[in-house]
Amino acid sequence: MSDSYYDVAQICINGHVINSMAKDYPQSNQKYCSDCGEETITACPSCGSNIRGHYHVPGVISFSNFHAPSYCFNCGSPYPWTAIRLEAAAELADELDGLTTDEKEKLKSSLPDLVKDGPKTVVAETRFKKIIKKAGADAYEGMKTILVDVVSETVKKSMFGA
Ligand SMILES: [Zn+2]
Ligand SMILES: [Zn+2]
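A brief structural summary. (Residues numbered from 1 in each chain as written. Chains lettered and ligands numbered in written order. Predicted model: local features only at pLDDT ≥ 70, side-chain atom pairs only at ≥ 80, totals over all residues. Heavy atoms only, no water.)

Now for the coordination of the zinc ion (ligand 1). Within the protein, the zinc ion (ligand 1) binds to Cys12 (SG), His16 (ND1), Cys33 (SG) and Cys36 (SG); these donor distances fall in the range 2.0 to 2.3 Å. Around the zinc ion (ligand 1) sit four donor atoms, and with donor-metal-donor angles ranging over 104 to 115 degrees the site reads as tetrahedral. Motif for the zinc ion (ligand 1), donor spacing along one chain: C-x3-H-x16-C-x2-C. Residue His16 is located in the loop between β2 (10-12) and β3 (17-19), and its partner Cys36 is located in the loop between β3 and β4 (40-41); the two are separated by 20 residues in the primary sequence. (Donors = N, O, S within 2.8 Å, 3.2 Å for Na, K, Ca; no water. Tetrahedral: all angles 85-135°; square planar, octahedral: opposite > 155°, others 65-115°. Helix = DSSP H or I, 4+ residues; strand = E, 2+ residues; numbered from the N terminus.)

Attention shifts here to the coordination of the zinc ion (ligand 2). Geometry reference: four tetrahedral donors at a metal, ideal angle 109.5 degrees. Six octahedral donors, ideal angles 90 or 180 degrees. The protein atoms donating to the zinc ion (ligand 2) are Cys44 (SG), Cys47 (SG), Cys72 (SG) and Cys75 (SG), with metal-donor distances spanning 2.3 to 2.4 Å. In terms of primary sequence, the donors binding the zinc ion (ligand 2) are separated according to C-x2-C-x24-C-x2-C. One end of the pair, Cys47, is in the loop between β4 and β5 (52-56); the other, Cys72, is in the loop between β5 and α1 (80-95), and 25 residues separate them in sequence.

Inspection of the entire model under this criterion finds seven salt bridges. Of the charged contacts in the structure, one is a salt bridge between Lys106 and Asp102, with a shortest N-O distance of 3.8 Å. Of this pair, Lys106 and Asp102 are both found in helix α2 (residues 101-115), four residues apart, which corresponds to roughly one turn of the helix. Classification of Lys106 by relative accessible area gives partly exposed; the value is 38%. Judged by relative accessible area, which is 48%, Asp102 ranks as partly exposed. Between Glu105 and Lys108 there is a salt bridge, with its nearest N and O atoms 3.3 Å apart. Residue Glu105 and its partner Lys108 are both found in helix α2; the two are separated by three residues, about one turn of the helix. Connected through salt bridges with shared partners, the residues Asp94, Glu105 and Lys108 form a single ionic network. (Salt bridge = Lys/Arg side-chain N within 4 Å of Asp/Glu carboxyl O. Buried < 20%, exposed > 50% of the residue type's maximum accessible area, 1.4 Å probe, protein only.)

A few words on the nonpolar core. In terms of nonpolar packing, the biggest core is built from 33 residues, with Trp81, Leu107, Leu114, Phe128, Met143 and Leu147 touching the most fellow members. Taken together, the elements giving at least two residues each to this core come down to α1, α2, α3 (121-135), α4 (137-147) and α5 (153-160). Looking at which element gives the most residues to this core, the answer is α3, with five residues. Structurally, this core is a two-domain feature, drawing no fewer than three residues from each of domain 1 (1-77) and domain 2 (81-160). The contact partners of Phe128, leaving out residues within four places of it in the chain, are Leu107, Ser110, Leu111, Leu114, Met143, Leu147 and Met159. (Core = buried A, V, L, I, M, F, W, Y, C linked by side-chain atoms within 4.5 Å. Domains from an automatic or database assignment. Contact = heavy atoms within 4.5 Å.)

Encoded structure:
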């Protein structure tokens, strides 16, 4: 269907979706996020491409819930909310007790692959599980809170049961 198109999404830099139809319904746009007060964006900060929003199909009214994408479809850069979470998770990894420096490094290096859906995701997941088990339940809960919204759908189910 050639008349189908993506609207533009407006999302705050922490990843709260403000408006998945920022082009067709600009009256719902906000300069700042009402959940966290951060600035909102409608385009990739790296390449300037619009963030893809709701997918319009003529004659079809869909209520699919829209999720903020993790990476830019045009240049592959992580969006700010993805970058912030990866950074926070890496900082948390450094704070965990009971892990050796080597384990902390391995945990940190597995983070970007948890967000991508690629062949290395399984490896990253296995590594993550092994190390986080050693770090304990609080560490796991902390990582879950930070990462659950940006990890790939597969990881979300198998690792966080969400
Ligand atoms: Zn926000
Ligand atoms: Zn981009």
